Amino acid sequence: MDYTKNDKIEEAFKIIKSSQKILIFTGAGISVESGIPVFRGKGGLYETVDPHIFDIEYFYNNTLENWKMILKYIIFPLGSAKPNAAHLAITELQKKDKCDAIITQNIDGLHHKAGSKNIFEFHGTINYANCIRCNEKYDYHYILNNFTSIKFDNISDYSSLLSSLNKGEVDRILEELKVPECKKCNGILKPSIVYFGEQIDKQVLEGSFYYAQSCDCLIIIGTSGVVYPAALIPQMAKSNKARIIEINTEESEYSKSFADVFIKEKASIALSKLVNLF
Ligand code: NAD
């Protein structure tokens, strides 16, 4: 069984080695080993929270309540997570000139934390909020320092800030928070994640489609491939005759007919083995 998996990794290695323009496309599965569960299915977020927290109408109609839920269930837990061996292996592949770009559906910012470059965050990021009027970007130091009574000036980075919060501070933040506003135009701030009913950022969409249409190898990692328009990325690459490698613990939309090589394995294990072959 393990021998077969190693064979597949060897096969994937040969494809990557002979490719010139390699694109990586990731989904929730790559971050499972960082302790972030998938949203759907057993143990997922949607067992605790209704998906309407990501609905743009809900945000506009219940802004303060939405902010508190997003902080509690998304920003705090995802923001304190650390990249795992899979994210780090991708950074290594980039250093070896074997990954031109990463398109991620994840909002957790872990590819950035792993030191990767040229990342398209298709569904936005938890790392910022932006003004719905003038689009100015703000980090969570600004929001927590200005819209709660807690001051966090002595902590340098956002992840350390979120990791350092104790339960009392989290409860206080959720109790005290006021709707965050832009200091330039007083517009309301919204987490920079793409809500249901919102458009994908134009530059991210164009950049992603450019790489999808011009790559000669696509590595799909930990995505079920059911969320659109993100799911168009593999289809575009396939139409461009790119060779497709898939890493997933389960069969997905792509595994049977679509992928040239399907590695049924945890992302961290498969990618660590793969990068070690270079
Ligand atoms: P999905 O939940 O639909 O599918 C996850 C896939 O990952 C499944 O096919 C599963 O078999 C696979 N998987 C699980 N553990 C794995 C592992 N250790 N190694 C490799 N594969 C593994 O996720 P999706 O396709 O990304 O779509 C869900 C949407 O929800 C996306 O838009 C995504 O942005 C969002 N989401 C984001 C996060 C995050 O930012 N970390 C987490 C959950 C959901």
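Check the entry above for the structure.
In what follows, the accompanying structure is described. Everything quoted here is computed from the prediction, not taken from an experiment.

## Brief notes about helix 9 (residues 202-214)
Next up, step 1: Look at helix 9: 18 Å from first C-alpha to last across 13 residues, which is about the 18 Å you get at 1.5 Å a residue.
Next up, step 2: When we look at burial in helix 9, the residues that qualify are Val204, Gly207, Ser208, Phe209, Tyr211 and Ala212.
Next up, step 3: Packing partners of the buried residues in helix 9 comprise strand 1 (22-26), strand 2 (101-104), strand 3 (119-121) and helix 10 (232-239).
Next up, step 4: One side-chain oxygen of the residue at the start of helix 9 lies 3.1 Å from the amide nitrogen of glutamine 203, identifying that residue as aspartate 201.

## Comments concerning the site of the ligand
Next up, step 1: Around the ligand, 28 residues are found, and the nearest of them are Gln105, His123, Thr223, Ser224 and Asn248.
Next up, step 2: At a separation of 3.2 Å, an oxygen atom of the ligand approaches a polar backbone atom of glycine 222.
Next up, step 3: Between the ligand and threonine 249 there is a distance of 3.4 Å, counted from a nitrogen atom to a side-chain nitrogen or oxygen.
Next up, step 4: For the ligand, whose accessible area on its own is 850 Å², the fraction buried by protein is 89%.
Next up, step 5: Broken down by class, the residue content of the shell around the ligand amounts to ten nonpolar, twelve polar and six charged.

## Observations regarding the packing of aromatic side chains
Next up, step 1: By the definition in use, this model includes 13 aromatic pairs.
Next up, step 2: A ring pair is formed by phenylalanine 39 and phenylalanine 54, whose centres lie 5.7 Å apart and whose planes are at 15°; its orientation type is stacked. Taken together, the residues span a long stretch of sequence, with phenylalanine 39 in the loop between strand 1 and helix 2 (56-61) and phenylalanine 54 in the loop between strand 1 and helix 2 at a distance of 15 residues.
Next up, step 3: Under the relative-accessibility criterion, phenylalanine 39 is labelled partly exposed at 24%.

## Notes on a negative patch on the surface
Next up, step 1: A contiguous patch of negative charge on the surface is contributed by Asp7, Glu10, Glu11 and Asp260.
Next up, step 2: Along the chain, aspartate 7 falls in helix 1 (residues 2-17).

## Re the pattern of salt bridges
Close approach of charged atoms lets side chains of opposite charge pair.
Next up, step 1: All told, the structure shown has eight salt bridges when counted by the stated rule.
Next up, step 2: Residue arginine 172 is joined to glutamate 176 by a salt bridge in which the shortest nitrogen-to-oxygen separation is 3.2 Å. Here arginine 172 and its partner glutamate 176 are both found in helix 8 (residues 167-176), four residues apart, which amounts to about one turn of the helix.
Next up, step 3: Relative accessible area serves as the criterion here: at 38%, arginine 172 is assigned to the partly exposed category.
Next up, step 4: Taking relative accessible area as the criterion, glutamate 176 reaches 27% and is therefore assigned partly exposed.

## Comments concerning the packing of helix 3 (residues 63-79) against helix 8
Next up, step 1: Helix 8 packs onto helix 3 with a crossing angle of 150° between their chain directions and a minimal axis gap of 9 Å. As the angle between them shows, helix 3 and helix 8 are arranged roughly antiparallel. Seen from helix 3, the contacting residues are Lys68, Leu71, Lys72 and Phe76; seen from helix 8, they are Val170, Ile173, Leu174 and Glu175.
Next up, step 2: Here the residues of the contact of helix 3 with helix 8 are counted per class, giving five nonpolar, no polar and three charged.

## Description of helix 6 (residues 140-147)
One full turn of an α-helix is made of 3.6 residues, so residues set three or four places apart face in the same direction.
Next up, step 1: Counting buried positions along helix 6 yields seven of eight residues, so the element is predominantly enclosed.
Next up, step 2: Turning to helix 6, its buried residues number three or more, namely Tyr140, His141, Tyr142, Ile143, Leu144, Asn145 and Phe147.
Next up, step 3: The residue sitting at the N-terminus of helix 6 and contributing the capping side-chain oxygen is aspartate 139; that oxygen lies 3.2 Å from the backbone nitrogen of histidine 141.

Definitions and limits used
Residues numbered from 1 in each chain as written. Predicted model: local features only at pLDDT ≥ 70, side-chain atom pairs only at ≥ 80, totals over all residues. Heavy atoms only, no water. Helix = DSSP H or I, 4+ residues; strand = E, 2+ residues; numbered from the N terminus. Expected span 1.5 Å × (residues − 1). Buried < 20%, exposed > 50% of the residue type's maximum accessible area, 1.4 Å probe, protein only. Contact = heavy atoms within 4.5 Å. Polar contact = N/O pair within 3.5 Å; in protein donor to acceptor, adjacent residues only side chain to side chain. Near = heavy atom within 4 Å. Areas by Shrake-Rupley, 256 points an atom, 1.4 Å probe, with all protein chains shown as cover. Nonpolar A, V, L, I, M, F, W, Y, C, P; charged D, E, K, R; others polar. Phe/Tyr/Trp six-rings, centres within 6.5 Å; stacked < 30°, edge-to-face > 60°. Patch = residues over 30% accessible without salt bridge, like charges linked within 9 Å, V, L, I, M, F, W, Y side chains within 5 Å. Salt bridge = Lys/Arg side-chain N within 4 Å of Asp/Glu carboxyl O. Lys, Arg positive; Asp, Glu negative; His and termini not counted. Charge placed at Lys NZ, Arg CZ, Asp CG, Glu CD. Axes fitted to C-alpha atoms, helices over the stretch in contact; angles between N-to-C directions. Parallel < 35°, antiparallel > 145°, perpendicular 65-115°, else oblique.

That is the geometry; function is a separate question.
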